[in-house]
Amino acid sequence: MKFKNNKVYKFFPDAVDFKVNNGEKVIYDIGLKKPTNQNLLGVLIRGEEAYKYTDKKPKDIVNQILEELDVVFDGNAITSYLNEFEYENWGDHQFTLGTWVESFRTRSKYLRTLNESLSGKVYFAGEAIDTSRMLGVPGAILSGYSSIDKLLSE
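Before going into details, it helps to say that this report is about the structure given with it. Given the structure is predicted, the values throughout are model-derived calculations rather than measurements.

**Here we look at unusual backbone geometry**
Line of reasoning, step 1. Positive phi outside glycine occurs at Lys33, with the angle close to 60°.
Line of reasoning, step 2. Mapped onto the secondary structure, Lys33 falls in the loop between strand S4 (24-29) and strand S5 (41-46).
Line of reasoning, step 3. Assessed through its relative accessible area of 81%, Lys33 is described here as exposed.

Shown next as structure tokens:
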């Protein structure tokens, strides 16, 4: 554990976005702007970058990430680690099957088609069809509002 003036200190910044070829790898302060005194580090890996970790057990993934972070943070990751972690593989969840889509890369004509109702009876919502391209939960919510608006106005 790292101490400064007899207090545990956070050795990592609020977020670090690692350069990867295809996908995303970010470490971030989970407790940022939340009422906690704990230093909690989150890791998000998605896309092809995640394949480097998928054949490993969660504990082995944590150890590999700690080793990688030790290179960046001068050995502070492993020496600060308290042997506690939560592991979540969103790709294994029945209703998510991953993190988020990249609808900002979807062509506008496809978004228009995806936003059309089926016979004025079935309306779709979700981040993938959010025309404001907010992504994630905000995009899903906005697309839901849009679908409700269409339903009520047709």
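**Focus on the pairing of strand S3 (residues 15-18)**
Strand residues, when the strand is regular, have side chains that alternate between the two faces of the sheet.
Line of reasoning, step 1. Of the pairings in the sheet, the one linking S3 to S4 comprises four bridges and is antiparallel in character. Within S4, the position partnered with Val16 by the bridge is Ile27.
Line of reasoning, step 2. Count of turn residues in the S3/S4 antiparallel hairpin: five residues, of which Gly23 carries a positive phi of about 130°.

**As for helix H1 (residues 58-72)**
Line of reasoning, step 1. The first and last C-alpha atoms of H1 sit 21 Å apart over 15 residues, in line with the 21 Å expected at 1.5 Å per residue.
Line of reasoning, step 2. Among the residues making up H1, those that are buried are Ile61, Val62, Gln64, Ile65, Leu66, Leu69 and Asp70.
Line of reasoning, step 3. On the buried face of H1, the contacting elements are S3, S4, S5 and helix H2 (76-80).
Line of reasoning, step 4. Asp74 lies just past H1 and shows a positive phi near 50°.

Parameters at a glance
Residues numbered from 1 in each chain as written. Predicted model: local features only at pLDDT ≥ 70, side-chain atom pairs only at ≥ 80, totals over all residues. Heavy atoms only, no water. Helix = DSSP H or I, 4+ residues; strand = E, 2+ residues; numbered from the N terminus. Buried < 20%, exposed > 50% of the residue type's maximum accessible area, 1.4 Å probe, protein only. Pairing = 2+ DSSP bridges. Expected span 1.5 Å × (residues − 1). Contact = heavy atoms within 4.5 Å.

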